[in-house]
Amino acid sequence: MECVNVRQTMKQFNSLQEQRVHTYQLFQEGFQAYLDTGPNYNFPMFQQLVHKVTEMFKNISDQVIEINRILSAEPRLAALASCISKIQDCEKDKLELTAREQILTQNTIDHPDSDEYKEELKQVKKQLRTTIDKIIEYLEEQKYESEEFVQ
């Protein structure tokens, strides 16, 4: 059985969460730049960004899954592993909702008279906010669960 250095593992996890934040910023900035090219959108540029961001998120996700695997191997760290798993699940949902939000944002721009797109965008933004709140809650829980191991 591996002897887990919880302090180092959590430091790595927190660094990965920071990378996620920066990747989302890149994604949002790129999306805004894409929207600014409308109405004849520069789709190839945005497609390249989506590919790059997808690779970045996959890399982060793979590393978080490995951290969770390592933590799960030790019964004393089960609660901490559970927090990491919940965060990972919410991050997956957040990415899907972010992509949906971007599609709907473009649709509301392209079809300004469509109340259907506006209403769906409103609902997706609400779901996104709820998901972000869950991530924050689970990060607080993760911090609490790791306290005794990182002091």
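A brief look at the structure comes next. (Residues numbered from 1 in each chain as written. Predicted model: local features only at pLDDT ≥ 70, side-chain atom pairs only at ≥ 80, totals over all residues. Heavy atoms only, no water.)

### Re the overall build of the protein
Note the threshold: Comment: elements are numbered from the N terminus, with helices defined as DSSP H or I runs of at least four residues and strands as E runs of at least two. Per-residue accessibility, obtained with a 1.4 Å probe over protein chains only, is compared with the maximum for each type, and a residue is labelled buried under 20%, exposed over 50%, and partly exposed between these values. Should any heavy atoms of two residues lie within 4.5 Å, those residues are considered in contact. Per-residue accessibility takes into account occlusion by the displayed protein chains alone, with areas from the Shrake-Rupley method and a 1.4 Å probe. Residues scored as positive are Lys and Arg, those scored as negative are Asp and Glu, and His as well as the terminal groups of each chain are ignored. Charged side chains are reduced to one point each, which is NZ for Lys, CZ for Arg, CG for Asp and CD for Glu.
Looking only at helices and strands, the protein has four helices and zero strands in total. Dimensions of the protein along its principal axes, counting C-alpha atoms only, are 60 × 30 × 20 Å. Relative to its full complement of 151 residues, the protein shows a buried share of 37%. Sequence-distant contacts, at least 24 apart, represent 74% of the contacts inside the protein between residues at least 6 apart. For the protein, the exposed area adds up to about 9,400 Å²; of that, 52% sits on carbon and sulfur atoms. Each charge sign in the protein was given a centre, from 18 positive and 26 negative side chains, and these centres are 2 Å apart.

### Observations concerning the environment of Glu101
Note that Glu101 resides in helix H3 (residues 78-110). As a C-alpha pair, Glu101 and Tyr138 span 37 residues in sequence and 23 Å in three-dimensional space. Here Glu101 is in contact with Leu121, Val124, Lys125 and Leu128, once residues within four sequence places are set aside.

### Things to note about the packing of helix H1 (residues 6-35) against H3
The line we're drawing: An axis is simply a line fitted to the C-alpha atoms; with a helix, the fit covers only the stretch in contact. Between two such axes, the angle follows the N-to-C directions and lies from 0 to 180 degrees. These descriptions rest on fixed angle ranges, namely under 35 degrees for roughly parallel, over 145 for roughly antiparallel, 65 to 115 for roughly perpendicular, and the rest for oblique. Residues are grouped as follows: nonpolar covers Ala, Val, Leu, Ile, Met, Phe, Trp, Tyr, Cys and Pro; charged covers Asp, Glu, Lys and Arg; every other residue, Gly included, is treated as polar.
With their axes 12 Å apart at the nearest point, H1 and H3 run at an angle of 5° to one another. It follows from the interaxial angle that H1 and H3 lie roughly parallel. Contact with H1, carried on its side by Val6, Met10, Phe13, Gln17, Arg20, Tyr24, Phe27, Gln28, Phe31, Tyr34 and Leu35, involves Leu80, Ile84, Ile87, Gln88, Glu91, Lys94, Leu95, Thr98, Gln102, Thr105, Gln106 and Ile109 of H3 and no other residues of that element. Among the residues forming the contact of H1 with H3, the class breakdown is 13 nonpolar, seven polar and three charged.

### What about the nonpolar core?
Using the following cut-off: For this analysis, a nonpolar core means a set of buried residues of the types Ala, Val, Leu, Ile, Met, Phe, Trp, Tyr and Cys, connected via side-chain atoms within 4.5 Å.
Core analysis: the largest hydrophobic core is formed by 18 residues, its most contacted members being Val4, Val6, Met10, Phe13, Val64, Leu71 and Ile84. Within the residue set of this core, elements represented by two or more residues are H1, helix H2 (43-72), H3 and helix H4 (115-150). Each residue touching Ile84, except ones within four places of it in the same chain, is listed here: Met10, Phe13, Val64, Asn68, Leu71 and Gln142. Counting residues in each nonpolar core, the second largest holds 10 residues, with Phe31, Leu49, Val53 and Phe57 among its members.

### Let's talk about H1
In plain terms, the rule: Each residue after the first adds 1.5 Å to the expected span of a helix. Polar contact criterion, stated in full: a pair of N or O atoms within 3.5 Å, where within protein one must be able to donate a hydrogen and the other to accept it, and residues adjacent in sequence count only if both atoms are side-chain atoms.
Its 30 residues place the ends of H1 43 Å apart at the C-alpha level, agreeing with the 44 Å of an ideal helix rising 1.5 Å per residue. For H1, the N-terminal cap is Asn5; the gap from its side-chain oxygen to the backbone nitrogen of Arg7 is 3.3 Å.

### Details of the packing of H2 against H3
Put simply, the test is: Each crossing gets its hand from how the near helix is turned against the far one by less than a right angle, where anticlockwise is left-handed and clockwise is right-handed.
It is at 9 Å that the axes of H2 and H3 come closest, and there the two elements cross at 165°. Of the possible angle classes, the one that applies to H2 and H3 is roughly antiparallel. Between H2 and H3 lies a crossing of left-handed hand. Facing Phe46, Phe57, Ser61, Val64, Ile65, Asn68, Leu71 and Ser72 of H2, the residues of H3 in contact are Leu80, Ala81, Ile84, Ser85, Gln88, Leu95 and Gln102.

### Quick word on the pattern of salt bridges
We count it as follows: For salt bridges, the criterion is a side-chain nitrogen of Lys or Arg within 4 Å of an Asp or Glu carboxyl oxygen.
Scanning the model with the defined rule gives seven salt bridges in all. With a closest N to O distance of 2.6 Å, Arg69 and Glu66 form a salt bridge. Of this pair, Arg69 and Glu66 both sit in helix H2, three residues apart, roughly one helical turn. Among the residues examined, Arg69 registers a relative accessible area of 43% and is labelled partly exposed. A salt bridge links Arg129 to Asp133; its shortest N-O distance comes to 2.8 Å.

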